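Report on the structure
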Amino acid sequence: MSEEKKRFIQEFVPGKQITLSHLIANPDPDMFQKLGIQEAGALGILTCTPSETVIIAGDLATKAANVRIGFLDRFTGSLVIVGSVSEVEMAMLEINRFLSEKLSYTPSEITKS
């Protein structure tokens with residue numbers, strides 16, 4: 001009997017950087033349900049390298065604005081923050097600013113959809 005092998009591919013980016021910084025304004029309610037997080041006006045998605053940086057980013061986000069952490073994974077560097085469009089944007093700006101200015105990270109342009 002043949003056993004199906006599954007592969008997991010993970011990409012690592014060398015250095016200290018925010019590799020993705022994207023704001024989704026007014027996402028479809030189904031997206032929140034699929035993600036298993038409480039519905040809000042916006043989602044902010046960030047990916048950081050090294051991956052443990054998301055712990056710092058999550059702390060910065062919740063202190064900079066009225067947002068909640070929807071998802072944080074210290075192994076992949078993924079962070080999803082949830083709140084109003086303006087609050088999520090404020091949190092993302094602060095994450096990029098702090099990591100760039102204080103920890104010498106390469107920031108990411110905040111893209112929007």
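Remember, predicted model here, so these are calculated numbers, not experimental data. (Residues numbered from 1 in each chain as written. Predicted model: local features only at pLDDT ≥ 70, side-chain atom pairs only at ≥ 80, totals over all residues. Heavy atoms only, no water.)

**A word on the overall build of the protein**
A tally of regular secondary structure across the protein gives 3 helices and 5 strands. Taking the principal axes of the C-alpha coordinates as reference, the protein spans close to 55 × 35 × 20 Å. Within the protein, the fraction of its 113 residues that count as buried is 35%. At a minimum sequence separation of 6, the contacts of the protein that also span at least 24 residues come to 61%. (Helix = DSSP H or I, 4+ residues; strand = E, 2+ residues; numbered from the N terminus. Buried < 20%, exposed > 50% of the residue type's maximum accessible area, 1.4 Å probe, protein only. Contact = heavy atoms within 4.5 Å.)

**Comments concerning the nonpolar core**
With 20 residues, the main nonpolar core has Leu79, Ile81, Val88, Met92 and Ile95 as its most contacted residues. Going through the elements one at a time, β1 (17–25), β2 (42–49), α2 (53–64), β4 (78–83) and α3 (85–103) are the ones with two or more residues in this core. Looking at this core, the element that brings in the most residues is α3, giving 5 residues. Ignoring anything within four residues of it in the chain, the contact list for valine 88 reads Leu23, Ala42, Leu43, Gly44, Val67, Ile81, Val82 and Gly83. If you look at the next biggest cluster of nonpolar residues, it comprises 6 residues, including Ile24, Phe32, Ile37 and Val80. (Core = buried A, V, L, I, M, F, W, Y, C linked by side-chain atoms within 4.5 Å.)

**Considerations on the sheet that holds β4**
Judged by pairing direction, the sheet is mixed, and its 5 strands sit side by side in the order β3-β4-β2-β1-β5 without closing on themselves. Looking at which strands have only one partner, the edges of the open sheet turn out to be β3 (68–73) and β5 (111–112). Bridge count for β2 against β4 is 6 bridges, and the pairing is antiparallel. Following the sheet pairing, threonine 47 is matched in β4 by serine 78. Together, β1, β2, β4 and β5 form the strand contacts of α3, whose direction differs from that of β1 by roughly 170°. (Pairing = 2+ DSSP bridges. Axes fitted to C-alpha atoms, helices over the stretch in contact; angles between N-to-C directions.)

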